[in-house]
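Chain by chain, the residues:
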Amino acid sequence: MVKPQVTLSVNFNNWTWVLHNIHEYDAQGGIILEQGRYGLCAELATFLFEQIRPLLDGRYEVKFAKVTEPGFFPKDESNHIALLLVDKPNKQIYLLDPSFHKYASMKDLPEYHILSIQDTLSFVKDKSHDVFFGANQAIPLYIKNDFLLSFSVTSVDGKFDKGNFVFAISANRRNEATGHDIVLIGRRNKEFVDFEDKTLLNQLLTPDEIRVLFDKLKSWIEQF
């Protein structure tokens, strides 16, 4: 998210925001992972799909699945993406979750629940570089020390306009229902507001990561 080419736009009228140029593709249209191994869950699932598809014969088929995951994405509105490997003759279904390094038969993963199944993901089909969100909806950043860090653009007291919005970095501990805001930068009634939970921030990010993150957030806030 902090790469120079990634930009942010907000549509206050529609209560939406967009991260531009977050997805990258190679010359053949394959998804590119950061440092060859990091990415959003949908990017990781797509990369794995592209790697295993040539290895499979007609016995197997692979589907994308939106699933709940007990540690960080337990709710039915989860947007977590994994893969389903279907052994058609034996009618066995295996779940492959590259985000959490899990592979097992679905019957051995009762904590996972399938919410929907797709043949492909729309952003890959369209080769989209952007990701779209509603106000107050978060994008996961990464997991460290059993915390999931997320970024969101949120409303303030039921208002969402140039004078009332916040960029929020939140930390959610595994298996806890609610997260903690560790960075807030924005405006309330046109007045600048900011907040840092320095103790938790320093536990989860290095000084260099904090500097880069704040530089990015400040460059975005200046747009408004």
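For the structure, check the block above.
Residues numbered from 1 in each chain as written. Predicted model: local features only at pLDDT ≥ 70, side-chain atom pairs only at ≥ 80, totals over all residues. Heavy atoms only, no water.

A.B. asks: How do you make sense of the nonpolar core when you look at a structure like this?
C.D. replies: Grouped burial of nonpolar side chains is what soluble globular proteins tend to show. By size, the foremost hydrophobic cluster in this structure holds 35 residues, and its most contacted members are L8, W17, L19, F151, F167, L217 and W220. Elements represented by at least two residues in this core include exactly β1 (7-11), β2 (16-20), β8 (131-134), β10 (147-154), β11 (165-173), β12 (180-188), α3 (198-204) and α4 (207-221). The greatest single-element share of this core, amounting to 6 residues, is contributed by α4. One finds I31, I52, I81 and V124 within the second-largest nonpolar core, a separate group that totals 16 residues. (Core = buried A, V, L, I, M, F, W, Y, C linked by side-chain atoms within 4.5 Å. Buried < 20%, exposed > 50% of the residue type's maximum accessible area, 1.4 Å probe, protein only. Helix = DSSP H or I, 4+ residues; strand = E, 2+ residues; numbered from the N terminus.)

A.B. asks: What should I look at first to understand the sheet that holds β1 in this one?
C.D. replies: What holds strands together in a sheet is hydrogen bonding between their backbones, with the strands either parallel or antiparallel. The strand order across the open sheet built from 3 strands is β1-β2-β8, with neighbouring strands paired in antiparallel fashion. In this open sheet, the two edge strands, each paired with only one partner strand, are β1 and β8. Averaged over all neighbouring strand pairs, the angle between strand axes comes to 20°, with direction disregarded. One ladder, built from 5 bridges, connects β1 with β2; its direction is antiparallel. Across the sheet, S9 pairs through a bridge with V18, a residue of β2. (Pairing = 2+ DSSP bridges. Axes fitted to C-alpha atoms, helices over the stretch in contact; angles between N-to-C directions.)

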